[in-house]
Structures are given as C-alpha cells and as structure tokens.
Amino acid sequence: PASRLAGEIVMRAGELQGLLLTLSINGKPIAGHFGVREGDAYHPWIAAFDPALSAYSPGQTFLSEAIRAMPGLGIRNYDLSAGSDDGYVMVRGKFE
C-alpha cells in the first residue's frame, strides 16, 4: 500500500504557526502530530494513531517518516519535549 506523509499549515500568527503532520496509507490517516512551529523548530503538542494498527507501530513509523520529511518542510529541530517518564527528547540537526 502507498503511504504518504503530509504537512499542512493550519494557522499563522507572525512567526508562530500551527502545523499538522499526518501519515496516511491509501488515503486513510494512520498517525499524526499537531503542534506549533516557529522558524525551523517544531514542537508537537498532540499525537494520535489508529489503535487498530497498533501491532504495526504506526507511531514509530510516523516518527521515522516525519524526520525524513523535515528538510522539505524547512524544520531543523523536532522538539518532542518530556515524555511519560519525564525524559526530554529533541531531534535536531541537519535533516538531509
């Protein structure tokens, strides 16, 4: 099946923008992040995935595809912030 990662700017306020990234298979969204972007930094606030596909790790697949898509979106820092274990994750660098 064909998969696609789509980035869509959903609102703008100066340098701060809302950004929705989704991963789709055959036109059906299976995972995504919604968050804010400022310049080349993106901080997702809300993550979701299709629980019917949890055996296939749609969230991990989404994250891998999102990182690959960063150069085309002009994003250099993908700030995942604190997780449930109070860890802090930031994917940064030249996405090439």
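Residues numbered from 1 in each chain as written. Predicted model: local features only at pLDDT ≥ 70, side-chain atom pairs only at ≥ 80, totals over all residues. Heavy atoms only, no water.

Caption draft 1: A look at the nonpolar core. Core analysis: the largest hydrophobic core is formed by 12 residues, namely Leu19, Leu21, Leu23, Ile30, Ala31, Tyr42, Phe62, Leu63, Ala66, Met70, Ile75 and Tyr78. At the level of elements, strand E2 (16-25), strand E3 (28-38) and helix H1 (58-73) are the ones that each hand at least two residues to this core. With four residues, H1 is the single largest residue contributor to this core. (Core = buried A, V, L, I, M, F, W, Y, C linked by side-chain atoms within 4.5 Å. Buried < 20%, exposed > 50% of the residue type's maximum accessible area, 1.4 Å probe, protein only. Helix = DSSP H or I, 4+ residues; strand = E, 2+ residues; numbered from the N terminus.)

Caption draft 2: Quick look at the confidence of the model for the protein. With 70% of its residues at a pLDDT of 70 or more, the protein shows a mean pLDDT of 78. Averaged over each element, pLDDT in the protein is lowest for strand E6 (residues 88-92) (52) and highest for E3 (91). (pLDDT = per-residue confidence, 0-100.)

Caption draft 3: How the structure looks around the layout of surface pockets. There is about 150 Å³ of room inside the largest pocket. Among the secondary structure elements, those contributing two or more residues to the lining of the largest pocket are E3, strand E4 (41-49) and H1. Broken down by element, the residue count for the lining of the largest pocket peaks at four residues, all from H1. Broken down by class, the residue content of the lining of the largest pocket amounts to seven nonpolar, four polar and no charged. (1 Å grid on protein atoms, 1.4 Å probe; cavity = no way out; pocket = protein on both sides within 12 Å on 5 of 7 lines; lining within 4 Å. Points joined across faces, edges and corners; volume = space filled by probe spheres on them. Nonpolar A, V, L, I, M, F, W, Y, C, P; charged D, E, K, R; others polar.)

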